[in-house]
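# Understanding the architecture of this molecule
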Amino acid sequence: MVKHIVLFQLASEMEAERKKNVMDAFKKGIETLPAKIPFIRKIEVGLNDNPEEQFDIALYSEFDTMDDVRAYAAHPAHLAVAALLKDCKKSRSCVDYECEAE
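A brief structural summary. (Residues numbered from 1 in each chain as written. Predicted model: local features only at pLDDT ≥ 70, side-chain atom pairs only at ≥ 80, totals over all residues. Heavy atoms only, no water.)

## Describing the pairing of strand β1 (residues 2–10)
Note the threshold: Working definition: with a 1.4 Å probe on protein chains only, accessible area under 20% of the residue-type maximum means buried, over 50% means exposed, and in between means partly exposed. Strands here mean DSSP runs of E at least two residues long; helices mean DSSP runs of H or I at least four residues long; both are numbered from the N terminus. Paired strands are those between which DSSP finds at least two bridges.
Counting buried positions over the nine residues of β1 gives seven, a clear majority of the element. Of the pairings in the sheet, the one linking β1 to strand β3 (residues 57–63) comprises seven bridges and is antiparallel in character. Opposite Val-2, over in β3, you have Phe-63 as the bridge partner. Sheet analysis places β1 next to strand β4 (residues 89–98), joined by nine bridges and oriented antiparallel. Residue pairing for β4: Leu-10 is matched across the bridge by Lys-89.

## What about the pattern of salt bridges?
This is how the line gets drawn: The salt bridge definition used is simple: a Lys or Arg side-chain nitrogen within 4 Å of an Asp or Glu carboxyl oxygen.
The final tally for this structure, using the stated rule, is five salt bridges. With its nearest N and O atoms 3.1 Å apart, the salt bridge here joins Lys-19 to Asp-56. Here Asp-56 lies in the loop between β2 (42–47) and β3 and Lys-19 lies in helix α1 (residues 16–31), a separation of 37 residues in the sequence.

## Let's talk about the nonpolar core
Selection criterion: What makes a nonpolar core is a set of buried Ala, Val, Leu, Ile, Met, Phe, Trp, Tyr and Cys residues whose side-chain atoms join them at distances within 4.5 Å.
With 24 residues, the main nonpolar core has Phe-26, Ile-30 and Tyr-72 as its most contacted residues. Elements with a minimum of two residues in this core: β1, α1, β2, β3, α2 (66–74) and α3 (76–82).

Read these as spatial facts, not as claims about activity.
This is the structure we're talking about:
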C-alpha cells in the first residue's frame, strides 16, 4: 500500500472569506473523487483549525501502488479539483511512502 500525504499553504494575503470558500470547495471536490477514480482506497481532507501553523489543508490518501498514485495525479477529475488551488496556492509539500496494508 502507498500512503500519499500532501500539505497546502494558501496565500496569506487572501481575504478570509475567499480562503474559506476555496478550502471548502477543495475538500468537497476531493472527497467526491473515489466515486470517479475507483483505485483510490481512502481519501480525506483536513482543514487546519490552528492559525499559528503555516499549512492550511492536509490531504491523506491510500493507494495500492505508486502507479495508482501517478494515475490519480494525472486523472482529469483530480486535475479539475486541483485547479481550485491554482491561483491561491503559496506552497505544497508531499510525501509518498509504501507500507504494509493495515
